[in-house]
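What follows is each chain in one-letter form.
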Amino acid sequence: GQQVMQIPQYQHVQEGEDFTTYCNSSTTLSNIQWYKQRPGGHPVFLIQLVKSGEVKKQKRLTFQFGEAKKNSSLHITATQTTDVGTYFCAGPLGNQGGKLIFGQGTELSVKP
Amino acid sequence: GAVVSQHPSWVICKSGTSVKIECRSLDFQATTMFWYRQFPKQSLMLMATSNEGSKATYEQGVEKDKFLINHASLTLSTLTVTSAHPEDSSFYICSARDSSRAVKLFFGSGTQLSVL
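Quick look at the structure, then.

So, how was this worked out
Residues numbered from 1 in each chain as written. Chains lettered and ligands numbered in written order. Predicted model: local features only at pLDDT ≥ 70, side-chain atom pairs only at ≥ 80, totals over all residues. Heavy atoms only, no water. Contact = heavy atoms within 4.5 Å. Buried area = accessible area lost by both parts, 1.4 Å probe. Salt bridge = Lys/Arg side-chain N within 4 Å of Asp/Glu carboxyl O. Polar contact = N/O pair within 3.5 Å; in protein donor to acceptor, adjacent residues only side chain to side chain. Disulfide = S-S within 2.5 Å. Helix = DSSP H or I, 4+ residues; strand = E, 2+ residues; numbered from the N terminus. Buried < 20%, exposed > 50% of the residue type's maximum accessible area, 1.4 Å probe, protein only. Core = buried A, V, L, I, M, F, W, Y, C linked by side-chain atoms within 4.5 Å.

1. Thoughts on the interface of chain A and chain B
Here is step 1: The interface is formed by 21 residues belonging to chain A together with 20 residues belonging to chain B.
Here is step 2: Across the chain A/chain B interface, buried area totals approximately 1,500 Å², and carbon plus sulfur atoms make up 57% of it.
Here is step 3: Per-residue buried area on chain A facing chain B is highest for His 42, Lys 99 and Phe 102 of chain A; these three make up 30% of the total on that side.
Here is step 4: Here Lys 99 of chain A and Glu 59 of chain B are joined by a salt bridge, their closest N and O atoms 2.7 Å apart.
Here is step 5: In this assembly, chain A and chain B are joined by 6 residue pairs in polar contact (both at pLDDT 80 or more).

Take a look at the structure:
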């Protein structure tokens, strides 16, 4: 069945270091979304990418959507303690409107 | 932004009892809501899609008689875990999409269910 794989599962960085999480889909996606879940919290939408090769930035966060629309990445420059949490990518599940399939998530911890 | 309210935030119950979880969209109408389950340190697994005015659709492997879903209005969906057992202990999260705000999902705060 359709799968969305995300690596790494965990990433521990020193504050100020960069961080990247990678997302790969077994199928071509019409769009990809990224969510952040703080410890003990619920997922919060960060961004959606739609176009092949699209790159979007949100302050220190850079999101990319691959040319084949099967992979994506999230890069955080100069991490801060407020970046701590689990980052999930998610893509549409089949053609069933609204359903999302989530990657396993990358848990980021930042050491001050 | 759009708000989805989920209640209760945590519940402890005895094995064999039923637990109802409510999910409300506070400032928008949601014809479709989604119920996810999340185990510690794991991803969100879609359980079912709640459709206003019609039967819910369940993902493969999810027992519909075990997890009863009712979407009686455009702002409320409920998930009832019937005859709960310890293996049902998990974090349950609902989500909804405000169709006027593209495809992103707004999530409830989640319900931590512990079955003794």
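2. Topic: the state of the cysteines
Simply put, the disulfide is a covalent bond whose two ends are the sulfur atoms of two cysteines.
Here is step 1: Scanning the model with the defined rule gives 2 disulfides over all chains in all.
Here is step 2: Paired by a disulfide, Cys 23 of chain A and Cys 89 of chain A hold their sulfur atoms 2.0 Å apart. Its S-S torsion of approximately 80° makes the covalent link between Cys 23 of chain A and Cys 89 of chain A right-handed. With Cys 23 of chain A in strand E3 (residues 19-25) and Cys 89 of chain A in strand E9 (residues 85-92), this residue pair connects regions lying 66 residues apart in the sequence. Residue Cys 23 of chain A shares its accessibility class with Cys 89 of chain A, and that shared class is buried.
Here is step 3: A disulfide bridge connects Cys 23 of chain B with Cys 94 of chain B, and the sulfur atoms are separated by 2.0 Å. Disulfide Cys 23 of chain B to Cys 94 of chain B: torsion about the S-S bond roughly 80°, handedness right-handed.

3. Observations concerning the nonpolar core
Here is step 1: In terms of nonpolar packing, the biggest core is built from 34 residues, with Ile 32, Trp 34, Phe 63 and Phe 102 of chain A together with Tyr 36 and Phe 107 of chain B touching the most fellow members.
Here is step 2: In terms of residues, this core owes the most to one element, E9 of chain A, which gives 4 residues.
Here is step 3: What Phe 63 of chain A contacts, discounting residues up to four positions off in sequence, is Trp 34, Leu 46, Ile 47, Leu 49, Glu 54, Val 55, Lys 56, Gln 58, Ser 73 and Leu 74 of chain A.
Here is step 4: Counting 24 residues, the second-largest nonpolar core is a separate cluster that includes Cys 13, Ala 48, Leu 79 and Leu 113 of chain B.

4. Let's talk about the side chain of Glu 59 of chain B
Here is step 1: In this structure, Glu 59 of chain B sits in the loop between strand E6 (57-58) and strand E7 (67-73).
Here is step 2: Other than its neighbours up to four places away in sequence, Glu 59 of chain B contacts Leu 93 and Lys 99 of chain A together with Leu 46, Met 47 and Ala 48 of chain B.

5. Details of the environment of Gly 103 of chain A
Here is step 1: Within the element layout of this structure, Gly 103 of chain A appears in the loop between strand E10 (100-102) and strand E11 (106-111).
Here is step 2: Taking relative accessible area as the criterion, Gly 103 of chain A reaches 0% and is therefore assigned buried.
Here is step 3: Separated by 81 residues in sequence, Gly 103 of chain A and Tyr 22 of chain A have C-alpha atoms that sit 9.7 Å apart.
Here is step 4: Filtering out sequence-adjacent residues up to four positions away, Gly 103 of chain A remains in contact with Val 4, Gln 6, Phe 88 and Cys 89 of chain A together with Ser 43 of chain B.

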